[in-house]
Amino acid sequence: MTLVDTPATMTGGPALAQERRLVTAIPGPRSQELMARKAAAVASGVGHTLPISVVAAGGGVIVDADGNSLIDLGSGIAVTGVGNSAPRVVDAVTAQLNSFTHTCFTVSPYEGYVAVAEKLNELTPGDHVKRSALFNSGAEAVENAVKIARHFTKKQAVVAFDHAYHGRTNLTMGLTAKNIPYKSGFGPFASEVYRAPLSYPFRDGGLSGAEAAARAISVIEKQIGAENLAAIIIEPIQGEGGFIVPAQGFLPALVEWAAANNVVFIADEVQTGFARTGAWFASEHEGIVPDLVVAAKGIAGGLPLSAVTGRADIMDSAMAGGLGGTYGGNPLACAAALATIETYEEDGLIERAREIGAVLIGRLNALRTADPRIGDVRGRGAMVAIELVDPATGAPDAALTNAVAKYAHANGVVVLTCGTYGNVIRFLPPLTISDELLIDGLSVVAEGLKNA
Ligand SMILES: *Cc1c(COP(=O)(O)O)cnc(C)c1O
């Protein structure tokens, strides 16, 4: 086996050869070296899906230090929708880097932050008057959305749903459903957080959206009471929980109930947002207009940025100084976000997300017809998953899921698993991936299923 030299000058972006190329086993010797250093230096709670040492990425590939080129079907968890080192992002961040790197927006403001807020107010669902506030991570933005909703309603309770994922900070751990690995031993969690049942068509016996909403609303009314409830927070399509698309009508019924009961409806679009599902925001697929929208991941081409955008009366209720933070809306991240949004628009990436979705759904449904271990194929746009089950009982098959993912990793395809039961393989390719790479990646997954 030859080791391809990977000089430090190797750059990402679309100039990288768009191919799956294995020149060593995964991990190769240089990646193994980094893994050994990681084990000795980095807390083991900070895990990794693939044991590789990345040196470049762009288009639809990730290149490691041993010269292997892997197909990226994860986008760094739905972040690099515009691809890694997207040219407009590189140019905009470089220019910003050369002017100033930080002032703290709440000390001395700058245009980039305001321009991102203007864009978010324009792109999020609804044509009402809006305001935005910027933060660093998805979890931080979720926390702020809850703060704002409580301040506005002068109420305290918050409802999240079964299978929800909202982050790893204290409040967002409480909102998140899954115990291991997100919560176990990390409590106590924040009070006044309650859980309602979701619409999960594959596993709830075929409840209609209206029936599932009535069930959730009944739990909320009987166990909490609208008079105590500040906010409902929900992912329009659940991410970590298993790419669960609720039955049609579920989300609109919740929005309607919230509006009638002075409850703030928060859409956590951290994973579903920014072109991923073939719309700017997944709320659009059901025509819902959330009071507050939380965005992050796909917003800035890989730079850390998050946002809460929503009704001006709600957003403006917090007192000056009540929202903010040292780095929130950092100028580099704002420059990246503006260039990222321009790239989604100019390069037609919303349409591309739909095309990718058609390829994913088509190929995966064909696999499912031939293989009953694929219990469900679901998702929207470039956010699609398969749920793997024991065909006899429908029981979740996490072992099979892990085996298929391991096979894909060993054969040069980055795929991620998810789901409360650990039995979902999710596909989140960058929207810059070619059909050829996408289909090659899926064929490796199909081989993995055959071999398992
Ligand atoms: C990833 C994610 C978060 C947390 O975002 P971080 O940037 O990791 O804090 C919150 N909500 C959803 C739906 C997510 O997918």
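Quick caveat: nothing in here was measured; it's all calculated off a predicted structure.

**Here's the deal with the overall build of the chain**
Move 1: Check the secondary structure of the chain and you find 13 helices and 15 strands.
Move 2: Computed over C-alpha atoms, the radius of gyration of the chain comes to 22 Å, within 12% of the 22 Å expected from 2.2 N^0.38 for 452 residues, which places it in the range of a compact globule.
Move 3: Counting only residues that meet the buried cut, the chain has 55% of its 452 residues in that class.
Move 4: Taking all contacts inside the chain whose residues are at least 6 apart in sequence as the whole, residues at least 24 apart take part in 74%.
Move 5: Surface summary for the chain: the accessible area is close to 18,100 Å², and the carbon and sulfur share equals 54%.
Move 6: Between the mean site of the 33 positive side-chain charges and the mean site of the 44 negative ones, the chain shows a separation of 5 Å.

**Comments concerning the pattern of salt bridges**
A side chain of one charge can pair with a side chain of the opposite charge when the charged atoms of the two come close.
Move 1: Per the counting criterion, the structure on display carries 16 salt bridges.
Move 2: Measuring nitrogen to oxygen at the nearest pair gives 3.2 Å for the salt bridge that ties Asp 347 to Arg 88. Of this pair, Asp 347 sits in the loop between α10 (331–346) and α11 (349–370) while Arg 88 sits in helix α3 (residues 87–99); the two residues are 259 residues apart in sequence, bridging distant segments of the chain.
Move 3: The exposure class of Arg 88 is partly exposed, given its relative accessible area of 27%.
Move 4: A salt bridge links Asp 435 to Arg 352; the nearest nitrogen and oxygen atoms lie 2.7 Å apart. Taken together, the positions of Asp 435 in helix α13 (residues 435–451) and Arg 352 in helix α11 put the pair 83 residues apart, joining distant regions of the chain.
Move 5: Accessibility expressed as a relative area gives 34% for Asp 435, which makes it partly exposed.
Move 6: Residue Arg 352 is classed as buried on the basis of its relative accessible area, which comes to 14%.

**Here we look at the site of the ligand**
Move 1: All residues in the neighbourhood of the ligand are listed as Ser 137, Gly 138, Ala 139, Tyr 165, His 166, Gly 167, Glu 235, Asp 268, Val 270, Gln 271 and Lys 297.
Move 2: Note that an oxygen atom of the ligand is positioned 2.7 Å from one of the backbone N or O atoms of Gly 138.
Move 3: Residue Gln 271 places a side-chain N or O atom 2.9 Å away from an oxygen atom belonging to the ligand.
Move 4: Within the complex, the protein chains bury 83% of what would otherwise be the 380 Å² of accessible surface of the ligand.
Move 5: Here the residues of the shell around the ligand sort into 3 nonpolar, 5 polar and 3 charged.

**Some details on the side chain of Thr 124**
Move 1: Counting through the fold element by element, Thr 124 comes out in the loop between α4 (111–123) and β4 (130–135).
Move 2: Judged by relative accessible area, which is 4%, Thr 124 ranks as buried.
Move 3: Within the structure, Thr 124 has its side chain in polar contact with the backbone oxygen of Leu 120 (distance 2.7 Å).
Move 4: Dropping the residues within four chain positions of it, Thr 124 is found in contact with Lys 130, Phe 281, Val 293 and Thr 309.

**Some remarks on the packing of aromatic side chains**
Move 1: This model, assessed by the stated rule, comprises 9 aromatic pairs.
Move 2: Centroid distance Phe 274 to Trp 280: 6.1 Å. Interplanar angle 85°. Geometry classified as edge-to-face. The pair Phe 274 / Trp 280 is uniform in exposure class, with both members buried.
Move 3: Ring-pair connections join several aromatic residues into one group, and the members of that group are Phe 100, Phe 105, Tyr 110 and Tyr 113.

**Focus: the state of the cysteines**
Move 1: The tally for this structure, following the rule as stated, stands at 0 disulfides.
Move 2: The thiol of Cys 104 is unpaired, and the distance to the nearest cysteine sulfur, on Cys 334, comes to 12 Å.
Move 3: Take Cys 334: its relative accessible area is 0%, and that puts it in the buried class.

**Comments concerning the environment of Asp 313**
Move 1: Positionally, Asp 313 belongs in helix α9 (residues 312–315).
Move 2: For Asp 313, a relative accessible area of 42% translates into the label partly exposed.
Move 3: Residues Asp 313 and Arg 378 lie 65 residues apart in sequence; the distance between their C-alpha atoms is 36 Å.

Conventions and cut-offs
- Residues numbered from 1 in each chain as written.
- Predicted model: local features only at pLDDT ≥ 70, side-chain atom pairs only at ≥ 80, totals over all residues.
- Heavy atoms only, no water.
- Helix = DSSP H or I, 4+ residues; strand = E, 2+ residues; numbered from the N terminus.
- Rg over C-alpha atoms; globule rule 2.2 N^0.38 Å.
- Buried < 20%, exposed > 50% of the residue type's maximum accessible area, 1.4 Å probe, protein only.
- Contact = heavy atoms within 4.5 Å.
- Areas by Shrake-Rupley, 256 points an atom, 1.4 Å probe, with all protein chains shown as cover.
- Lys, Arg positive; Asp, Glu negative; His and termini not counted.
- Charge placed at Lys NZ, Arg CZ, Asp CG, Glu CD.
- Salt bridge = Lys/Arg side-chain N within 4 Å of Asp/Glu carboxyl O.
- Near = heavy atom within 4 Å.
- Polar contact = N/O pair within 3.5 Å; in protein donor to acceptor, adjacent residues only side chain to side chain.
- Nonpolar A, V, L, I, M, F, W, Y, C, P; charged D, E, K, R; others polar.
- Phe/Tyr/Trp six-rings, centres within 6.5 Å; stacked < 30°, edge-to-face > 60°.
- Disulfide = S-S within 2.5 Å.

All we've got here are geometric facts, nothing functional implied.
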